[in-house]
Amino acid sequence: MSEKEHAFAGPAAAAIPVKGFDAAGIHCGVKPTGALDLALIASPTACRSAAVFTQNAFPAAPVLYDRELLRMNPEGTHGVVINSGNANACTSAEGNANARRMAEAAEKSLGSTDNTAFVMSTGVIGVQLPIGVIEAGIPEVAAKLRPDGWEEAAEAIMTTDVFPKWASGQAEVGGETVTITGIGKGAGMIHPNMATMLATLATDAAIAQPLLQEALAAAVSHSFNRISIDGDTSTNDTVLVLANGAAGNAEITEKGADYEAFVEALTAASMELAKLIVRNGEGVTKFVTIQVEGAVSDEEAHTVANSIAKSPLVKTAFFGHDANWGRILCAVGYSGATVDPTKAHLFIAAGQPEAGNAELQLVDAGTPTGYEEADASAIFAESEISVRVSLGLGEGTATVWTCDLSYDYVSINAEYRT
């Protein structure tokens with residue numbers, strides 16, 4: 001699907017610069033098309049870092065490198081270098097060495113010491129990284145670093161993405177305005193079990209590193225862990241946050257009002273990036289919000305919502321404008337969560353829930369209602385759809401964002417390496 005034909009546009013607002021951070025993106029030669037393929041985000045002030053990584057048993061070389069770097073130096077990093085066009089995954093010892101060379105080249109160009117730069121890669125799995133062109137490109141991208149380079153950096157980390165993705169948020173913390181801006185990429189192989197594909201967020205907040213890690217985990221659990229495009233979890237999934245303290249707020253050293261304000265802003269930015277990833281899914285024509293309520297726990301509600309979100313039959317029904325609600329209830333039933341069919345209700349509506357559009361109830365206590373099929377089909381024909389399942393068993397709730405499954409998804413992935 002071409003950019004012109006894609007159902008959804010990119011970010012609605014410009015990225016907000018973060019005090020003390022610069023970003024840039026260039027073409028260095030990884031992609032044969034000439035598209036941007038190398039990004040750098042950096043702060044001359046040492047950053048506290050936090051990250052979450054894929055749980056895939058074949059983690060890519062950058063994931064292995066970054067896990068160790070985070071363990072060794074969680075309070076003294078200066079940035080992250082990211083290439084697209086090659087995942088540096090399943091590349092064994094040579095791939096591990098190339099990840100380190102990539103980090104060392106970034107550290108040299110930034111004038112920082114060893115073990116101060118994270119690395120990320122995205123693209124085709126199982127091909128050795130063309131480290132020579134990346135090492136040659138890093139001084140060039142470093143020379144172009146600037147406060148307003150976020151959108152260019154976001155473009156440089158795209159693979160099958162149709163549009164670049166960024167998001168910003170601000171909060172009052174300790175009497176100062178704290179900014180969070182992040183970039184993300186992902187269009188396929190999206191069904192996270194920690195995070196999704198690649199995202200880097202930078203903040204000028206002063207916050208203790210253990211609390212930064214807790215804040216990121218909380219934000220991820222309500223954003224990147226709540227989306228699904230195709231049910232696949234990548235080898236490279238990483239969400240990284242860097243905090244340089246340049247906002248000048250009183251350092252957040254304990255949980256309280258300032259911590260909660262920071263978590264809320266970090267979650268909001270993460271949620272916006274996550275939603276953009278779904279909107280930019282390969283071949284996507286529908287953005288679908290799935291709400292589950294009345295489960296015996298939040299965890300079971302999430303299990304039910306995920307089961308619906310990753311069902312190929314549900315997703316193809318969205319694509320075909322076919323309100324085949326039996327597929328939705330079927331996914332609820334095999335989710336493994338506690339279900340009583342006599343207490344289950346199903347509603348659909350056009351738009352996102354916050355739009356407040358009137359719902360159409362399709363199922364009442366496990367029984368079809370007397371709805372008009374034309375009304376249900378009209379809702380499924382919308383580009384944005386909400387599905388609400390009420391299980392009537394407890395207080396558990398969850399929201400997951402997903403999409404349809406189109407002909408173009410199959411075409412894109414059938415031809416990915418050709």
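Now for a look at the structure at hand. These numbers come from a predicted model, not from an experiment.

The next point concerns the overall build of the protein. Helices and strands together make up the secondary structure of the protein, namely 11 helices and 14 strands. At 22 Å, the protein has a C-alpha radius of gyration in line with the 22 Å of a compact globule built from 418 residues. If you take every contact in the protein between residues at least 6 apart in sequence, the share linking residues at least 24 apart comes to 81%. Put simply, the protein shows about 15800 Å² of open surface, and 51% of that area lies on carbon and sulfur atoms.

Quick look at the packing of aromatic side chains now. In total, this model carries one aromatic pair according to the counting rule given. Above the ring of F163, the side-chain terminus of K165 is found at 5.1 Å from the ring centroid. Across from the ring centre of F287, 4.0 Å away, lies the NZ or CZ of R279, which sits over that ring.

Throughout the structure, instances matching the rule amount to 12 salt bridges. For the salt bridge of R146 with E152, the shortest nitrogen-to-oxygen distance reads 3.3 Å. With relative accessibility at 23%, the residue E152 sits in the partly exposed group. Where E293 meets R388, a salt bridge forms, and the shortest distance between an N and an O atom there is 2.6 Å. You can see E293 sitting in strand β9 (residues 287-295) and its partner R388 sitting in strand β13 (residues 384-390), a full 95 residues away along the chain. The class of E293 is partly exposed, set by a relative accessible area of 27%. Residues joined by salt bridges that share partners form a network here, namely R48, E75 and E251.

A separate point is helix α3 (residues 131-143). Look at α3: 19 Å from first C-alpha to last across 13 residues, which is about the 18 Å you get at 1.5 Å a residue. Among the residues making up α3, those that are buried are I131, I134, G137, I138, V141 and A142.

A separate point is the nonpolar core. Soluble globular proteins tend to bury their nonpolar side chains together. Counting residues in each nonpolar core, the largest one holds 50 residues, and the members touching the most others are I134 and W150. Top contributing element to this core by residue count: strand β2 (residues 38-53), with seven residues. A199, L216, I252 and C403 belong to the second-largest nonpolar core, a separate cluster that totals 39 residues.

Further remarks concern the packing of helix α2 (residues 92-110) against α3. As a packed pair, α2 and α3 sit with axes 9 Å apart at the nearest point and diverge in direction by 20 degrees. What the angle tells us is that α2 and α3 run roughly parallel. Once α2 is placed against α3, the crossing between them reads as right-handed. Packed against α2, whose contacting residues are N98, R101, M102, A105, A106 and S109, the element α3 presents I131, I134, E135, I138, P139 and A142 at the interface.

Moving on, we get to the packing of helix α7 (residues 298-309) against helix α9 (residues 325-333). Interhelical geometry of α7 versus α9 gives an angle of 135 degrees and a closest axis separation of 8 Å. Classified by the angle between their axes, α7 and α9 sit oblique to one another. Note that α7 runs across α9; the crossing there is right-handed. For the pair α7 and α9, the contacting residues are V304, S307 and I308 in the first and I328, A331 and V332 in the second. Considering only residue class, the contact of α7 with α9 consists of five nonpolar, one polar and no charged.

In terms of burial, strand β1 (residues 22-26) is a largely internal element, four of the five residues being buried. Here β1 runs beside β2; their pairing, made up of five bridges, is antiparallel. In the strand pairing of β2, G25 is matched with A39.

Pairing in this open sheet of six strands is mixed, and the strands run β12-β11-β10-β13-β9-β14 from one edge to the other. Bordering the open sheet on either side are β12 (367-368) and β14 (396-403), each of which pairs with just one other strand.

Moving on: the side chain of S270. Within the element layout of this structure, S270 appears in helix α6 (residues 257-279). On the basis of relative accessibility, which here comes to 0%, the residue S270 falls in the buried class. Leave out the neighbours within four places in its chain, and S270 touches L201, A219, S223 and F224.

What counts and what doesn't
Residue numbers here run from 1 along each chain, matching the order of that chain's written sequence. This being a predicted model, a pLDDT of at least 70 is required before a residue's local features are given, and a value of 80 or more before pairs of side-chain atoms are given or counted; all residues contribute to the totals for chains, interfaces and linings. Water and hydrogen atoms were dropped before computing side-chain values, which therefore reflect all heavy atoms in the structure. For helices the rule is a DSSP run of H or I covering at least 4 residues; for strands it is a run of E covering at least 2, with both sets numbered from the N terminus onward. Within these notes, the globule rule equals 2.2 Å times the number of residues to the 0.38 power, and the radius of gyration is based on C-alpha atoms. Only heavy atoms matter for contacts: two residues are in contact if any of them lie within 4.5 Å across the pair. Each accessible area is a Shrake-Rupley result for a 1.4 Å probe, and residues are judged covered by the shown protein chains and nothing else. Only rings of Phe, Tyr and Trp enter the pairing, Trp through its six-membered ring, and a pair is recorded when the two centres are within 6.5 Å. The plane angle decides the type: under 30 degrees is stacked, over 60 is edge-to-face, the rest tilted. Only lysine NZ and arginine CZ atoms are considered, and such an atom sits over a ring when it is within 6 Å of the ring centre and within 35 degrees of the ring normal. Any carboxyl oxygen of Asp or Glu that lies within 4 Å of a side-chain nitrogen of Lys or Arg is treated as forming a salt bridge with it. Think of it in three bands: with a 1.4 Å probe and only protein chains considered, a residue is buried below 20% of the maximum accessible area for its type, exposed above 50%, and partly exposed in between. The span you would expect from a helix comes to 1.5 Å times its residue count less one. We call a set of buried Ala, Val, Leu, Ile, Met, Phe, Trp, Tyr and Cys residues a nonpolar core when their side-chain atoms join them within 4.5 Å. Fitted lines through C-alpha atoms serve as axes, helices being fitted only where they are in contact, and the angles separating the N-to-C directions of these axes extend from 0 to 180 degrees. Roughly parallel means an angle under 35 degrees; roughly antiparallel means over 145; roughly perpendicular covers 65 to 115; every other angle is labelled oblique. Working rule for handedness: look at the near helix, and if it is turned counterclockwise from the far one by less than a right angle, call the crossing left-handed; if clockwise, right-handed. Under the scheme applied here, ten amino acids are nonpolar (Ala, Val, Leu, Ile, Met, Phe, Trp, Tyr, Cys and Pro), four are charged (Asp, Glu, Lys and Arg), and all others, including Gly, are polar. Two strands pair under a simple rule: DSSP has to find at least two bridges between them.

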